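As a plain string of letters, each chain reads:
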Amino acid sequence: MIVTLKNEFLTVEIEDVGAQLASITDKDGTQYLWQGDPEIWPRRAPLLFPVIGRLKDSQYMLGEETHTIPTHGFCREALFSVEQHSDVSVSFHLSDSPETLAVYPFAFGLTITYTLEKNRLIKVHKVENCSDREMYFEVGGHDGFRAPLAAGEKMDDYAIRIPGLDAIQFYPMNADLMIVPKDKVYPLEGGRIPLKPSAYGQDTIILGELPQNRAVLVDGQDRPRVTLEFDDFPYLGIWTQAKDYDTNYVCIEPWTTLPDATFVGRGLKDKAGICTLAPGGSKTLTYTTRLDELE
């Protein structure tokens, strides 16, 4: 099922499978969200929970127990229920099930709320611990945006800017796609981060400790086109498929937690930035997507 939100600036479509964005268009019909391509990347904007990225051997430890879980968790394929729906807001809900408990042994509630406010789309993640022990979890976005957005432009015309950043020192990955400690500092030409991590020999550009938790997709004239503001998320991933041609999209990904790394233990609680909730507790995390041209 597709749920539609609409105001004078934007029309947004969201799928109940994965509670994920399916479309973001302005009043002139410009599509901002990547629409998926099985030959490049078939997804659009999957929700990452309760883990982000790959785990070594797809496994993590809880105490002495070993658990196996898919990359990015299980929400990408999960069917959410619609809790409420108005012209400009919708909430989706997912609870634990026998299938989730088999890979993530916590009773939980996860509510994803999207709200349109003028040219902004606000996404709120509410996580509840319904179990009787401390719960560990991670939440992340994986939203793909079209780049370029207009005819006559090229992907390489576009870049990402982070205010206050004129050089980047990212977390590299090894051959097994595990995070390793930061090393080199790369100056940015005009403060512009390339959309292709392969420019640095990486699968993903992973940043933390940013001067501002804001990422701006700019075009060849340095005009802001899409801005993500993510104060509740200390890490940012920038990713597109590594191809020998332009993929014409980039994922801008706010994350609570680093993916699995060589410098942390095997326990889920050892992950860098892991979120914790006491029994009965809840946590709310928000990020906002702004379509800058529409102001």
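Description of the structure in this document.

Rules used throughout
Residues numbered from 1 in each chain as written. Predicted model: local features only at pLDDT ≥ 70, side-chain atom pairs only at ≥ 80, totals over all residues. Heavy atoms only, no water. Helix = DSSP H or I, 4+ residues; strand = E, 2+ residues; numbered from the N terminus. Rg over C-alpha atoms; globule rule 2.2 N^0.38 Å. Buried < 20%, exposed > 50% of the residue type's maximum accessible area, 1.4 Å probe, protein only. Contact = heavy atoms within 4.5 Å. Areas by Shrake-Rupley, 256 points an atom, 1.4 Å probe, with all protein chains shown as cover. 1 Å grid on protein atoms, 1.4 Å probe; cavity = no way out; pocket = protein on both sides within 12 Å on 5 of 7 lines; lining within 4 Å. Points joined across faces, edges and corners; volume = space filled by probe spheres on them. Nonpolar A, V, L, I, M, F, W, Y, C, P; charged D, E, K, R; others polar. Core = buried A, V, L, I, M, F, W, Y, C linked by side-chain atoms within 4.5 Å. Salt bridge = Lys/Arg side-chain N within 4 Å of Asp/Glu carboxyl O.

Another point: the overall build of the chain. Counting its secondary structure elements, the chain contains one helix and 21 strands. Over its C-alpha atoms the chain spans a radius of gyration of 19 Å, differing by no more than 12% from the 19 Å that the globule rule assigns to 295 residues. Within the span of the chain, comprising 295 residues, buried residues form 55% of the whole. When contacts within the chain are restricted to residue pairs at least 6 apart in sequence, long-range pairs at least 24 apart make up 64% of them. Of the roughly 12,400 Å² that the chain leaves accessible, carbon and sulfur atoms contribute 46%.

A few words on the layout of surface pockets. Size it by volume and the largest pocket reaches roughly 360 Å³. Lining the largest pocket are 20 residues, with Arg54, His72, His142, Asp203 and Trp239 positioned closest to its centre. Residue classes in the lining of the largest pocket are distributed as nine nonpolar, six polar and five charged.

Attention now goes to the nonpolar core. Counting 73 residues, the largest nonpolar core has Ile24, Phe80, Tyr104, Phe137 and Ile193 as the members making the most contacts within it. Ignoring sequence-local partners within four residues, the contact set of phenylalanine 137 consists of Phe49, Pro50, Tyr104, Val127, Thr257, Ile274, Cys275, Leu277, Lys283 and Leu285. One finds Tyr171, Met173, Val264 and Ala272 within the second-largest nonpolar core, a separate group that totals twelve residues.

A complete count under the given rule lists 15 salt bridges for this structure. As a salt-bridge pair, lysine 196 and aspartate 246 come within 2.6 Å of each other at their nearest N and O atoms. A residue pair is termed long-range when its members are at least 10 positions apart, and lysine 196 in the loop between β14 (186–187) and β15 (204–208) and aspartate 246 in the loop between β18 (235–239) and β19 (249–255) qualify at 50 residues. As a salt-bridge pair, arginine 290 and glutamate 229 come within 3.1 Å of each other at their nearest N and O atoms. A residue pair is termed long-range when its members are at least 10 positions apart, and arginine 290 in strand β21 (residues 282–291) and glutamate 229 in strand β17 (residues 224–229) qualify at 61 residues. Linked through salt bridges whose partners overlap, the residues forming this network are Glu153, Asp219, Arg223 and Arg225.

On their own, these measurements won't tell you what the molecule is for.
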